[in-house]
Amino acid sequence: QVQLAESGGGLVQAGGSLRLSCTASGSIFSIPTMGWYRQAPGKQREMVATVTSGAVTSYADSVKGRFTISRDNVKNTVSLQMSSLKPEDTAVYYCTARYTADMAYWGKGTLVTVSS
(Lines give C-alpha, C1' and ligand atoms only; values in the text may rest on other atoms or scores of the structure.)
Protein backbone atom coordinates (compact mmCIF):
# COMPACT_ATOMS: atom_id res chain seq x y z
CA GLN A 1 0.00 0.00 0.00
CA VAL A 2 1.52 3.30 -1.08
CA GLN A 3 1.29 6.32 1.20
CA LEU A 4 1.12 9.78 -0.29
CA ALA A 5 2.08 13.09 1.28
CA GLU A 6 1.22 16.41 -0.30
CA SER A 7 3.05 19.68 0.29
CA GLY A 8 3.27 23.15 -1.15
CA GLY A 9 -0.16 24.54 -0.42
CA GLY A 10 -0.71 27.98 1.00
CA LEU A 11 -2.15 31.42 0.46
CA VAL A 12 -1.51 33.22 -2.81
CA GLN A 13 -2.99 36.23 -4.55
CA ALA A 14 -4.99 35.88 -7.73
CA GLY A 15 -2.68 35.70 -10.70
CA GLY A 16 0.08 34.09 -8.68
CA SER A 17 1.67 30.66 -8.83
CA LEU A 18 2.15 27.68 -6.56
CA ARG A 19 3.80 24.32 -6.96
CA LEU A 20 2.34 21.31 -5.20
CA SER A 21 4.36 18.18 -4.60
CA CYS A 22 3.30 14.66 -3.72
CA THR A 23 5.84 12.23 -2.32
CA ALA A 24 5.09 8.53 -2.32
CA SER A 25 6.34 6.07 0.29
CA GLY A 26 7.44 3.64 -2.40
CA SER A 27 8.03 3.31 -6.09
CA ILE A 28 5.43 4.84 -8.38
CA PHE A 29 7.03 3.39 -11.50
CA SER A 30 4.36 0.76 -12.01
CA ILE A 31 1.35 2.77 -10.84
CA PRO A 32 -0.81 3.25 -13.92
CA THR A 33 -2.15 6.70 -13.07
CA MET A 34 -1.06 9.40 -10.66
CA GLY A 35 -3.11 12.52 -10.29
CA TRP A 36 -4.37 15.54 -8.46
CA TYR A 37 -7.95 16.14 -7.39
CA ARG A 38 -9.45 19.01 -5.48
CA GLN A 39 -12.44 19.69 -3.29
CA ALA A 40 -13.74 23.18 -2.70
CA PRO A 41 -16.01 23.98 0.25
CA GLY A 42 -19.51 22.67 -0.37
CA LYS A 43 -18.53 21.00 -3.63
CA GLN A 44 -17.71 17.49 -4.76
CA ARG A 45 -14.18 16.34 -5.31
CA GLU A 46 -13.11 16.82 -8.91
CA MET A 47 -10.24 15.72 -11.09
CA VAL A 48 -7.67 18.41 -11.77
CA ALA A 49 -4.94 16.58 -13.66
CA THR A 50 -3.65 13.06 -14.19
CA VAL A 51 -0.54 11.50 -15.67
CA THR A 52 -0.14 7.88 -16.70
CA SER A 53 2.91 5.66 -16.43
CA GLY A 54 3.42 6.43 -20.10
CA ALA A 55 3.46 10.18 -19.38
CA VAL A 56 0.09 10.85 -20.98
CA THR A 57 -1.53 13.80 -19.25
CA SER A 58 -5.13 14.88 -18.86
CA TYR A 59 -6.53 18.11 -17.44
CA ALA A 60 -9.84 19.50 -16.34
CA ASP A 61 -11.04 22.15 -18.77
CA SER A 62 -10.96 24.73 -16.00
CA VAL A 63 -7.18 24.41 -15.54
CA LYS A 64 -5.96 23.73 -19.08
CA GLY A 65 -3.19 26.09 -20.04
CA ARG A 66 -2.63 27.14 -16.42
CA PHE A 67 -1.65 23.94 -14.61
CA THR A 68 1.02 21.40 -15.48
CA ILE A 69 1.34 17.95 -13.96
CA SER A 70 4.61 16.07 -13.95
CA ARG A 71 5.76 12.72 -12.68
CA ASP A 72 9.24 11.64 -11.55
CA ASN A 73 9.48 7.86 -11.29
CA VAL A 74 13.01 8.08 -9.86
CA LYS A 75 12.19 10.45 -7.02
CA ASN A 76 8.71 8.94 -6.63
CA THR A 77 7.06 12.33 -6.80
CA VAL A 78 4.21 13.94 -8.67
CA SER A 79 4.05 17.71 -8.98
CA LEU A 80 1.41 20.20 -9.99
CA GLN A 81 2.64 23.57 -11.20
CA MET A 82 -0.20 26.06 -10.93
CA SER A 83 -0.07 29.46 -12.59
CA SER A 84 -2.51 32.32 -13.16
CA LEU A 85 -4.40 31.20 -10.09
CA LYS A 86 -7.97 32.31 -9.61
CA PRO A 87 -10.10 32.53 -6.46
CA GLU A 88 -12.14 29.61 -7.79
CA ASP A 89 -9.03 27.43 -7.57
CA THR A 90 -9.32 27.62 -3.80
CA ALA A 91 -9.68 24.07 -2.51
CA VAL A 92 -8.02 21.21 -0.72
CA TYR A 93 -5.82 19.45 -3.25
CA TYR A 94 -5.35 15.70 -3.01
CA CYS A 95 -2.76 13.47 -4.59
CA THR A 96 -3.93 10.08 -5.77
CA ALA A 97 -2.37 6.85 -6.97
CA ARG A 98 -4.81 4.84 -9.03
CA TYR A 99 -4.14 1.18 -9.79
CA THR A 100 -7.53 0.22 -11.20
CA ALA A 101 -10.97 1.76 -11.49
CA ASP A 102 -11.76 0.33 -8.06
CA MET A 103 -8.44 0.74 -6.26
CA ALA A 104 -6.85 4.07 -5.48
CA TYR A 105 -4.90 5.60 -2.65
CA TRP A 106 -5.18 9.17 -1.49
CA GLY A 107 -3.09 11.63 0.43
CA LYS A 108 -4.50 13.77 3.23
CA GLY A 109 -4.57 16.89 1.12
CA THR A 110 -3.05 20.35 1.13
CA LEU A 111 -5.03 23.58 1.23
CA VAL A 112 -4.66 26.16 -1.50
CA THR A 113 -6.28 29.53 -0.91
CA VAL A 114 -6.35 32.14 -3.66
CA SER A 115 -7.30 35.63 -2.56
CA SER A 116 -8.87 38.16 -4.91
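Presented here is an overview of the structure given in this document. (Residues numbered from 1 in each chain as written. Predicted model: local features only at pLDDT ≥ 70, side-chain atom pairs only at ≥ 80, totals over all residues. Heavy atoms only, no water.)

We now examine the pairing of strand 4 (residues 33-39). Burial analysis of strand 4 places five of its seven residues in the buried class, the great majority of the element. Examined bridge by bridge, strand 4 and strand 5 (residues 46-52) share six bridges and lie antiparallel to one another. From the neighbouring strand, threonine 33 faces strand 5, where its bridge partner is threonine 52. Between strand 4 and strand 5, which pair antiparallel one after the other, the connecting turn spans six residues, and glycine 42 there sits at a positive phi close to 75 degrees. Sheet topology note: the strand 4/strand 9 (residues 91-100) ladder contains seven bridges and is antiparallel. Paired with glycine 35 across the bridge in strand 9 is threonine 96. (Buried < 20%, exposed > 50% of the residue type's maximum accessible area, 1.4 Å probe, protein only. Helix = DSSP H or I, 4+ residues; strand = E, 2+ residues; numbered from the N terminus. Pairing = 2+ DSSP bridges.)

This part is about the state of the cysteines. Each disulfide consists of a covalent bond between the sulfur atoms of two cysteine residues. Following the criterion strictly, the structure yields one disulfide and no others. Each sulfur of the disulfide joining cysteine 22 and cysteine 95 lies 2.1 Å from the other. Sign of the S-S torsion, about -80 degrees for the bond between cysteine 22 and cysteine 95, identifies this disulfide as left-handed. In this pair, cysteine 22 is assigned in strand 3 (residues 18-24) and cysteine 95 in strand 9, connecting sequence segments 73 residues apart. Accessibility expressed as a relative area gives 0% for cysteine 95, which makes it buried. (Disulfide = S-S within 2.5 Å.)

Time to look at the nonpolar core. In terms of nonpolar packing, the biggest core is built from 30 residues, with Met34, Trp36, Leu80, Met82 and Tyr93 touching the most fellow members. Listing elements by their share of this core, those giving two or more residues are strand 3, strand 4, strand 5, strand 7 (67-72), strand 8 (77-82), strand 9 and strand 11 (110-115). (Core = buried A, V, L, I, M, F, W, Y, C linked by side-chain atoms within 4.5 Å.)

Turning our eyes to something else, we now look at unusual backbone geometry. Note: most residues except glycine have negative phi, and most peptide bonds are trans. In the Ramachandran plot, alanine 55 falls in the positive-phi region, its phi being about 70 degrees despite a non-glycine side chain. Looking at the secondary structure, you find alanine 55 in the loop between strand 5 and strand 6 (57-59). Here alanine 55 falls in the exposed class, since its relative accessible area comes to 57%. Backbone geometry at serine 84 places phi at a positive 50 degrees, although glycine is not the residue there. Along the chain, the position of serine 84 falls in the loop between strand 8 and strand 9. Serine 84 sits in the partly exposed class, given a relative accessible area of 42%.

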